[in-house]
Amino acid sequence: MADFVAKNSIVREIWGKSDTILLVFAGASAEFALSIAVDWLYFTGKIPNNPLGRLFSTVAYARDIVFSSKSDAHKAIDKINQIHSAVEESRGEKIPNWAYQDVLFMLVDYSIRAYELLERPLDINEREAVFKVFLKVGKRMQIKDLPENYEAFEIKRQSHLETNYYNGDFTKDLYKQYRKHLGYFRFKLLIETQILLTPKIINQKLNPRRHSLVERFITIYKISRRIKLDSFIKTLVLPDEYQSQIKAMNVISTN
């Protein structure tokens, strides 16, 4: 049975390590909060009641699709469409096409940013490969007006970053929920990670600082993987209820 993503693809390497998935989660949590379509996330009540679970499920869906057969990936994507259609019917409105694009774009962007932060720079062919995988996802979701290559994606991504994000009342409330569910230490770690990871324009809307306090920690963490202490560090930074799920995402060894 054909795979949705080729076994030798850089995308499997990126999404086969819990480290990079956690960084994708951190970046996505910033952009979900700033999106001018964030009211859709509040409509069902799932985001304010369980913001970490809702965001984690989005990232987990993407990860499962990457490692599925083509048939199973299509079924998973179709299920996502059904869930969205039910929400739209309940509200009596359509989720804007650009909002779907934004979620797809952040998965592309943070896949690249997370991997490069922890591993190495990706060349243009590898970046194109990341984009093409999520382009397939977007087309199956019937998202309209998607860019057809990585160069066009970069242009459209920057345009969306400039127009589709705003620090408003929903943003402030969602960050209160992050702090409530994470606790003080883990919440501060999330903020510092976002400063390090997110595009400049996103960071400016959330944080006054350009430099993250965890920059040196990344170097220490890379060393910890070599001496097999990274699992211990993850137990410190992850809520208990997500540790087993994150561990299960390690298809590729981080050591």
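Structural notes, computed from the coordinates. (Residues numbered from 1 in each chain as written. Predicted model: local features only at pLDDT ≥ 70, side-chain atom pairs only at ≥ 80, totals over all residues. Heavy atoms only, no water.)

Time to look at the environment of Arg179. With respect to the helices and strands, Arg179 occurs in helix α10 (residues 169-182). When the C-alpha atoms of Arg179 and Leu190 are compared, they prove to be 9.4 Å apart, with eleven residues separating the residues in sequence. Setting aside its immediate chain neighbours within four residues, Arg179 contacts Tyr184 and Phe187. (Helix = DSSP H or I, 4+ residues; strand = E, 2+ residues; numbered from the N terminus. Contact = heavy atoms within 4.5 Å.)

This next bit is on helix α6 (residues 70-91). With 22 residues, α6 extends 32 Å from end C-alpha to end C-alpha; this agrees with the ideal 32 Å at 1.5 Å per step. Those residues of α6 not exposed but buried are Ala73, His74, Ala76, Ile77, Ile80, Asn81, His84, Val87 and Glu88. Projection of α6 onto a plane perpendicular to its axis shows the buried side chains occupying an angular sector of 165°, all on one side. Relative to its buried face, α6 has exposed residues pointing more than 90 degrees away, namely Lys75, Gln82, Glu89 and Ser90. Looking at the packing, one finds that the buried side of α6 touches α3 (39-43), α5 (51-66), α7 (97-118) and α8 (124-140). Gly92 sits one or two positions beyond α6 and adopts a positive phi of about 80°. (Expected span 1.5 Å × (residues − 1). Buried < 20%, exposed > 50% of the residue type's maximum accessible area, 1.4 Å probe, protein only. Arc of directions from axis to C-beta.)

Quick look at the packing of α10 against helix α11 (residues 184-197) now. The packing of two helices is summarised by the inter-axis angle and the distance between the axes. Where α10 meets α11, the axes come as close as 6 Å, and the angle between the chain directions of the two elements is 130°. With respect to each other, α10 and α11 are oriented oblique. For the element pair α10 and α11, the recorded crossing hand is right-handed. Where α10 approaches α11, its residues Tyr175, Tyr178, Arg179 and Leu182 are matched on the opposing element by Tyr184, Arg186, Phe187, Leu190, Ile191 and Gln194. Split by residue class, the contact of α10 with α11 holds seven nonpolar, one polar and two charged. (Axes fitted to C-alpha atoms, helices over the stretch in contact; angles between N-to-C directions. Parallel < 35°, antiparallel > 145°, perpendicular 65-115°, else oblique. Left-handed = near helix turned anticlockwise from the far one by under 90°. Nonpolar A, V, L, I, M, F, W, Y, C, P; charged D, E, K, R; others polar.)

To continue, consider the packing of aromatic side chains. Under the definition given, this model contains seven aromatic pairs. Aromatic pair Tyr175 and Phe187: ring centres 6.3 Å apart, planes at 75°, arrangement edge-to-face. A residue pair is termed long-range when its members are at least 10 positions apart, and Tyr175 in helix α10 and Phe187 in helix α11 qualify at twelve residues. Judged by relative accessible area, Phe187 falls into the buried class, the value being 9%. Its end group placed over the ring of Trp40, Arg91 keeps NZ or CZ at 4.3 Å from the ring centre. Above the ring of Phe4, the side-chain terminus of Lys136 is found at 4.3 Å from the ring centroid. (Phe/Tyr/Trp six-rings, centres within 6.5 Å; stacked < 30°, edge-to-face > 60°. Lys NZ or Arg CZ within 6 Å of the ring centre and 35° of its normal.)

Glancing now at the nonpolar core. Within the largest apolar cluster, 74 residues are counted, with the highest numbers of intra-cluster contacts made by Trp15, Phe134 and Tyr178. Tallying contributions element by element places α7 first for this core, with twelve residues. Leaving out residues up to four positions away in the same chain, Phe134 has contacts with Trp15, Ala62, Leu104, Leu107, Val108 and Ser111. (Core = buried A, V, L, I, M, F, W, Y, C linked by side-chain atoms within 4.5 Å.)

Take the pattern of salt bridges next. Applying the stated criterion to the full structure yields 16 salt bridges. For Lys7, the salt bridge goes to Asp3, with nearest N and O atoms at 2.6 Å. For Arg157, the salt bridge identified is with Asp109, shortest N-O distance 2.9 Å. Here the residue Arg157 occupies a position in helix α9 (residues 150-163), and Asp109 occupies one in helix α7, the gap between them amounting to 48 residues. (Salt bridge = Lys/Arg side-chain N within 4 Å of Asp/Glu carboxyl O.)

Glancing now at the environment of Asn149. With respect to the helices and strands, the residue Asn149 is situated in the loop between α8 and α9. In this structure, the C-alpha to C-alpha distance between Asn149 and Phe131, residues 18 residues apart in sequence, is 7.2 Å. With residues near it in sequence (within four places) discarded, Asn149 still touches Glu128 and Phe131. Within polar-contact distance, the side chain of Asn149 engages the backbone nitrogen of Glu151 at 3.3 Å. (Polar contact = N/O pair within 3.5 Å; in protein donor to acceptor, adjacent residues only side chain to side chain.)

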